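Breakdown of the fold
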Amino acid sequence: MESDNKIHFSKEVKQVIDKVLKSDDPMDAPDFNCVDYINQLFPNEQSLATIDDTIQRMQYEVSLIDDNIRSVVRGQTNTGQDGQMALYEAQKVISSLYEHIIDVKTRAEKTEEMVKEITRDIKQLDCAKRNLTSAITTLNHLHMLVGGIESLEKLIEKRLYGEILNPLQAITEVNQHFQQYSDIEEIKTLSQSVDRIQVTLAQQISEDFKEAFSPTTKSHSGGNSSNQPRLSLNQLADACKVVSVLDPKVKKELLKWFIAQQLEEYLHLFHENQDIAWLDKIDKRYAWLKRHLLDFEDKFGSVFPLDWEVSERITVEFCRLTRDQLSQIMAKRTNEIDVRLLLFAINKTQAFEQLLSKRFTGITLGINPNVTEKLSTATSATNSDTSSGDVIINPNLVVFHDQIGSCFKAHLDIYIRSIDRNLSELIEKFVEQVKEPLKIAEAKTTVYPSSADLFVFYKKCMVQCNQLSNEQPMYELAMVFKKYLREYASKVLEFSIPKLLSSSTSIGKSMSLLTRDMQNLSTAAGQVIHNFLKEGDAQRFSRDDLIRICCVLTTAEYCLETVQQLEEKLKEKVATAYASKVDMSEERDVFHRIISNCIQLLVQDLEAGCEPSLQAMAKVQWQSINNVGDQSAFITSICANFKQTVPILRDNLATSRKYFTQFCHKFVNVFIPKFINVLYKCKLTLSDGSNNVLGCEQLLLDTHSLKTALLDLPSIGSSVNRKAPTSYTKVVVKDMTRAEMIIKVVMTPVQPPAHFTQQVLKLLPDITIAEYQKILDMKAVKRVDQLQLIDLFKRTASAAAFAGLNENSETDGNAADIPPAAATNSVNEDVTTDNLIADATSTENNVSTSGPSASTSAIGSTSTPKRAFIFSVGSFTGGGSSAEKSSDGTSQAAGGDRSRIRKLENLLKKRLP
């Protein structure tokens, strides 16, 4: 509460009240103002007529609010009384509930005491029962153990292994039960008896097996054979079951002896001293194992339990022995191994390993049987999808992969050297094929077939090597691939590119002719002079040469794309440790270079075809032309050259459209500047110093015709009117328009010089001093007058550049004061470029009529080199001291002046290099 008896709520409370008690009455607003409210009700004198009604309505609302307040106050009084009554009733109920809870608790405690009294005797009886049951069970086990030991000893003497199995299992389990009572002497004695029985059984069964399977038993048995006859196969099977119950070491030792006994014959037959042990008869090794396994499973398959996997164990040991034998014999006879023998042995081994993977699960090798099931499914699918011939085997799906074949990896360098020799012979074959005439019509492609043959051979080698090994040999194979890609590029592609007779070669032949024919010196000298004169003639390729260059280009493109795929495939196949080392970027660069060379040769040939026409253009007497007709003969000759050459290239580069477009780009980038240089040599001025307008118009017409021909160059002579690429069109239009502007500048009179200079800068805004001087030469302006015009051009160009710089500064919002050096030309911030040019040229009214002194001063003014003139613009910064200073003494326009001066220097460097 405040001193003014007003209640003030926080903003959050007000927001909640507004949500609960929504009201549109302005009196309920927290910022209610009585004066504003009255003014709203009575905005003018006329509205006071309703004041009595308004007062009555207000009084009625006041009385209504009073009634509501009284009702609320009375309701609050009754509420207090009701609350006290409710509190009293609640206290009575709580007291009653508490008494009831105390009563329940008391009864529960009494019940618990009663249950404990009842169950005390039952717990004692349960404990006695458990002890009695345990004692009876122990006595039974003890009885079984004692009786079992006695019965086992009798059964062991009679070798009744079928009856031994169950008692032995029971005794073994009972003996485990008595391990906790091993501190009792009698139990310890019984446990030792069980161990002794197990040892006796192990020794006796081992002896029985050796006697049953030893081939020398019959000869040495004598009278003992009647006392201890050989066991039958059924007895041996029962013995194996007994061994399964004994210590696992017994089973391991028994299988080790049995497998060695089974492979003893193999070791004798295929000893390294035997001829049959060499690689050329390696299939006989595998045939022996097949026969032996069939014989073993037929005779003794029922003896051993299935979970022993005896056949697979014999096979695994056979693979180990074979691998060791082959490694030893190949190490001793390395010189006798050739690639055919090596591949024969590897193929036979891989086929045998695949056969073993189908037959066995590989569980003795620690392989999950589920993988084997997937293997059999994948292998059957591969065989069903593969046609008769070589079957591609995935080494990752072969359970017995490299169980034998790993011995060949140390000798795979023989295979790599063989691939190297085969590729060398293949490259020589390709070189001979390149020397033969081209038969494009028969081949229906411009790509050399040899390139496809090369990569097909690469693919076969890669697949074959992947089956052999994907580690070091695969990496070495990749290095061989790289080597012969470079060989193919140099010996086949570069070798097949046609060569033109160089000038040094022709001079050498001419000199040899001169020295060889000394008897007829005049004839020889004449021939030499004739050869020298022919040096200026353009040398061109024949149609077949152009086609061959296109073939080399398309073949290099095919190789470039295929090398990329080859590199990716090699990285995929080779082991991870070698993947990062496989890099064929150098080989791709070689093919890129061949493509660039071919395009350059095609450009030079087309350019050489235009050279005579350009020479003829320079020899035309343009100042003597008295009428404007059709295009000139040299333009017709150039167009004829285009129509003769370009369709050949386009047709043979149909599959390499991007390189044909690149050829067109490079040609116009070379040809148009050469045309402009020849254009500068054309003389268009009459003897009286005036321009031959008809000659200029004819040259302008020829330039436009050439522009049209260049725009149609990509599709010239084609039945399909295909639009030229936009980038190409832009280059042609830009450069040929410049040539047209040069002719229009030449058509402009030199007098008055200011107008001529303005017209030059308007038509050729990026013209240089050298180009400007060439235009003056075309107009036959005297050298002295040229110097004055050049000086005027420099000042006009610098003024125009500075004006453009000021306009740019104003546009960027960084306008600054104009340096004092520019003030000499009366340049203001709002002066246009044309006004600046006019001011700069106002001192030159008539260059041709100026006196010697003016000429001398002009010469003196132009003696400064162009580069020095450009950098002398830096004197504009000299007015920095007169710039307005800020309160701290720093120049406000210094930064702006420096940036504008740098822009000005860049503009002048571009225009006046």
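Residues numbered from 1 in each chain as written. Predicted model: local features only at pLDDT ≥ 70, side-chain atom pairs only at ≥ 80, totals over all residues. Heavy atoms only, no water.

**Describing the overall build of the protein chain**
To keep it simple, the criterion reads: Secondary structure elements are defined from DSSP: runs of H or I of at least 4 residues count as helices, runs of E of at least 2 residues count as strands, and each element is numbered from the N terminus. Summary of the burial criterion: residues with accessible area below 20% of their type's maximum are buried, those above 50% are exposed, and those between are partly exposed, where the area comes from a 1.4 Å probe applied to protein chains only. Should any heavy atoms of two residues lie within 4.5 Å, those residues are counted as being in contact. Accessible surface is estimated by sampling points in the Shrake-Rupley manner with a 1.4 Å probe; for residues, cover comes only from the protein chains shown.
Each helix and strand in the protein chain was counted, giving 35 helices and zero strands. Out of the 913 residues in the protein chain, the part that is buried amounts to 37%. Sequence separation of at least 24 residues holds for 78% of the intrachain contacts in the protein chain that already meet a minimum separation of 6. Accessible surface, the protein chain: about 53000 Å² in total, of which carbon and sulfur atoms supply 53%.

**What about the side chain of Glu 312?**
Condition: His is not counted, nor are the chain ends; Lys and Arg add positive charge and Asp and Glu add negative charge. Within this document, salt bridges are pairs made up of a side-chain nitrogen of Lys or Arg and a carboxyl oxygen of Asp or Glu, the two lying within 4 Å of each other.
With respect to the helices and strands, Glu 312 occurs in helix 12 (residues 310-332). No salt bridge is formed by the buried Glu 312. Its closest oppositely charged neighbour is Arg 359, at 7.0 Å. Ignoring any residue separated from it by four or fewer positions in sequence, one finds Glu 312 in contact with Phe 360, Thr 361, Gly 362, Ile 363, Thr 364, Leu 365 and Phe 400.

**Considering a nonpolar patch on the surface**
To be explicit about the condition: Patches draw on residues past 30% relative accessible area with no salt bridge. Two like charges within 9 Å are joined, as are two nonpolar side chains (Val, Leu, Ile, Met, Phe, Trp, Tyr) within 5 Å.
On the surface, Ile 7, Phe 9, Val 13, Val 16, Ile 17, Val 20 and Leu 21 cluster together to form a nonpolar patch covering roughly 660 Å² of accessible area. Within the secondary structure, Ile 7 sits in the segment before helix 1 (11-20).

**A word on the packing of aromatic side chains**
Using the following cut-off: Aromatic rings from Phe, Tyr and Trp, with only the six-membered ring used for Trp, were paired whenever their centres fell within 6.5 Å, and each pair was classed as stacked if the ring planes differed by under 30 degrees, edge-to-face if by over 60, and tilted otherwise. By definition here, charges over rings are those cases where NZ of Lys or CZ of Arg is within 6 Å of the ring centre and within 35 degrees of the ring normal.
Taken as a whole, this structure holds 26 aromatic pairs when the rule is applied. Taking 4.0 Å as the distance between ring centres and 20 degrees as the angle between the ring planes, the aromatic pair formed by Tyr 458 and Phe 481 counts as stacked. With a gap of 23 residues between them, Tyr 458 in helix 17 (residues 449-468) and Phe 481 in helix 18 (residues 472-496) connect regions that are remote in the sequence. Three or more aromatic residues link up through ring pairs in this structure, and these residues are Phe 209, Phe 258, Phe 296, Phe 300, Phe 304 and Trp 308. Over the face of the ring belonging to Trp 278 we find Arg 333, whose NZ or CZ atom lies 4.0 Å from the ring centre. The ring centre of Tyr 475 lies 5.9 Å from the NZ or CZ of Lys 581, which sits over that ring.

**Describing the nonpolar core**
Our working definition: We call a set of buried Ala, Val, Leu, Ile, Met, Phe, Trp, Tyr and Cys residues a nonpolar core when their side-chain atoms join them within 4.5 Å.
If you look at the biggest cluster of nonpolar residues, it comprises 188 residues, and the most contacted ones within it are Tyr 415, Phe 642 and Leu 710. Discounting chain neighbours no more than four positions away, the residues touching Tyr 415 are Val 339, Leu 342, Leu 343, Cys 461, Gln 464, Cys 465 and Leu 468.

**Regarding a negative patch on the surface**
We count it as follows: Where a charge sits is defined by one atom per residue type, namely NZ (Lys), CZ (Arg), CG (Asp) or CD (Glu).
On the surface, a cluster of negative charge is contributed by Asp 24, Asp 25, Asp 28 and Glu 61. By the element assignment, Asp 25 lies in the loop between helix 1 and helix 2 (34-41).

**Observations regarding the environment of Ser 451**
Position of Ser 451 among the secondary structure elements: in helix 17. Separated by 41 residues in the primary sequence, Ser 451 and Val 492 have C-alpha atoms spaced 9.5 Å apart. When sequence neighbours within four positions are dropped, the list of residues in contact with Ser 451 reads Tyr 488, Thr 555, Tyr 558 and Cys 559.

**Side note on the layout of surface pockets**
The condition that has to hold: For each structure, a 1 Å grid was placed over the protein atoms alone; sets of points admitting a 1.4 Å probe that cannot get out are labelled cavities, open sets with protein on both sides within 12 Å along at least five of seven lines are labelled pockets, and lining residues have an atom within 4 Å of a point. Grid points are joined across faces, edges and corners, and a volume is the space filled by probe spheres set on the points. We call Asp, Glu, Lys and Arg charged. Ala, Val, Leu, Ile, Met, Phe, Trp, Tyr, Cys and Pro are nonpolar, and the rest, Gly among them, are polar.
Estimates place the volume of the largest pocket at around 1100 Å³. Along the walls of the largest pocket sit 21 residues, with Phe 9, Met 27, Asp 28, Ala 29 and Pro 30 positioned nearest its centre. Put simply, the parts of the chain that give the lining of the largest pocket at least two residues each are helix 1 and helix 3 (51-158). For the lining of the largest pocket, the element with the highest residue contribution is helix 3, accounting for four residues. Its residues placed into classes, the lining of the largest pocket shows twelve nonpolar, two polar and seven charged.

**Some thoughts on the packing of helix 18 against helix 23 (residues 585-619)**
Note the cut-off: Angles here are taken between N-to-C directions and fall from 0 to 180 degrees, while the axes themselves are lines fitted to C-alpha atoms, restricted in helices to the stretch in contact. Throughout, the term roughly parallel applies to angles under 35 degrees, roughly antiparallel to angles over 145, roughly perpendicular to angles from 65 to 115, and oblique to all others.
Between helix 18 and helix 23, the least distance of the axes is 9 Å, while the angle of their chain directions is 10 degrees. It follows from the interaxial angle that helix 18 and helix 23 lie roughly parallel. Two secondary-structure elements touch here, helix 18 through Lys 482, Leu 485, Arg 486, Ala 489, Leu 493 and Glu 494 and helix 23 through Glu 586, Glu 587, Val 590, Phe 591, Arg 593 and Ile 594. Here the contact of helix 18 with helix 23 is built from residues that sort into six nonpolar, no polar and six charged.

**Notes on the packing of helix 25 (residues 657-681) against helix 26 (residues 693-711)**
When two helices pack together, their arrangement is captured by the angle between the axes and the distance separating the axes. As a packed pair, helix 25 and helix 26 sit with axes 13 Å apart at the nearest point and diverge in direction by 175 degrees. Between helix 25 and helix 26, the crossing angle belongs to the class labelled roughly antiparallel. Taken together, the residues of helix 26 that come into contact with helix 25 (itself represented by Phe 667, Val 668, Phe 671, Ile 672, Phe 675 and Leu 679) are Leu 699, Thr 703, Leu 706 and Leu 710. Considered class by class, the residues forming the contact of helix 25 with helix 26 number nine nonpolar, one polar and no charged.

**A short note on empty space enclosed by the protein**
Here the structure, examined in full by the defined rule, presents three cavities of 30 Å³ or more. In this structure, the largest cavity occupies an estimated 100 Å³ of space. Taken together, Ile 346, Thr 349, Gln 350, Glu 353, His 401, Asp 402, Gly 405, Phe 408, Lys 409, Leu 412, Gln 467 and Leu 468 make up the lining of the largest cavity. For the lining of the largest cavity, the secondary structure elements donating two or more residues are helix 13 (339-359) and helix 17. Per-element accounting of the lining of the largest cavity gives the leading share, four residues, to helix 13. Looking at side-chain class alone, the lining of the largest cavity contains four nonpolar, five polar and three charged residues.

**Some thoughts on the pattern of salt bridges**
Tallying each qualifying case throughout the model produces 27 salt bridges. Note that Arg 359 is salt-bridged to Glu 297, the shortest N-O span being 2.6 Å. With Arg 359 in helix 13 and Glu 297 in helix 11 (residues 282-300), the pair connects residues that are 62 residues apart, well separated along the chain. The exposure class of Glu 297 is partly exposed, given its relative accessible area of 31%. A salt bridge links Glu 587 to Lys 482; its shortest N-O distance comes to 3.0 Å. Of this pair, Glu 587 sits in helix 23 while Lys 482 sits in helix 18, placing them 105 residues apart in sequence. Each member of the pair, Glu 587 together with Lys 482, is buried. Connected through salt bridges with shared partners, the residues Glu 317, Arg 320 and Asp 324 form a single ionic network.

**Quick notes on the state of the cysteines**
We apply this condition: Working definition: a disulfide is two cysteine sulfur atoms within 2.5 Å of each other.
Under the defined criterion, the tally for this structure stands at zero disulfides. In this model Cys 639 remains outside any disulfide bridge; the closest cysteine sulfur is found in Cys 610, 9.1 Å from its own.

**Digging into unusual backbone geometry**
With phi around 50 degrees, Glu 309 is a residue other than glycine that occupies positive phi space. Secondary-structure assignment places Glu 309 in the loop between helix 11 and helix 12.

**Section: helix 9 (residues 248-262)**
Condition: An expected span of 1.5 Å times one less than the residue number is assigned to each helix. This arc describes the spread of directions from the helix axis toward the C-beta atoms.
Here helix 9 spans 21 Å end to end across 15 residues, near enough to the 21 Å set by a 1.5 Å rise per residue. Taken as a whole, helix 9 has its buried residues at Val 250, Leu 254, Leu 255, Phe 258, Ile 259, Gln 261 and Gln 262. Along the axis of helix 9, the buried positions cluster into a sector of 155 degrees, meaning they face one direction only. Exposed residues on helix 9 whose side chains face more than 90 degrees from its buried face are Pro 248, Lys 249, Lys 252, Glu 253 and Lys 256.

**Things to note about the side chain of Arg 285**
As a reminder, the rule being used: By the criterion applied in these results, polar contacts are pairs of N or O atoms within 3.5 Å in which, for protein atoms, one can donate a hydrogen and the other can accept it, and in which residues neighboring in sequence qualify only through two side-chain atoms.
Among the secondary structure elements, Arg 285 is positioned in helix 11. Although Arg 285 is buried, it makes no salt bridge; Glu 272 carries the closest opposite charge, 8.5 Å away. A polar atom in the side chain of Arg 285 sits 2.7 Å from the side chain of Tyr 266. Of the polar contacts made by the side chain of Arg 285, one reaches the side chain of Gln 325; its length is 2.7 Å.

**Overview of the confidence of the model for the protein chain**
Rules: The score called pLDDT rates the predictor's confidence residue by residue, from a low of 0 to a high of 100.
This prediction gives the protein chain a mean pLDDT of 75; 73% of its residues lie at or above 70. Throughout residues 503-536 the model reports pLDDT below 50, and contacts reaching past four residues in sequence, or to other chains, amount to 15 contacts.

**Looking at the environment of Gly 695**
By the element assignment, Gly 695 lies in helix 26. For Gly 695, a relative accessible area of 0% corresponds to the buried category. Separated by 75 residues in the primary sequence, Gly 695 and Val 620 have C-alpha atoms spaced 9.9 Å apart. Discounting residues that sit within four places of it in the chain, Gly 695 has contacts with Trp 622, Ile 625 and Leu 684.

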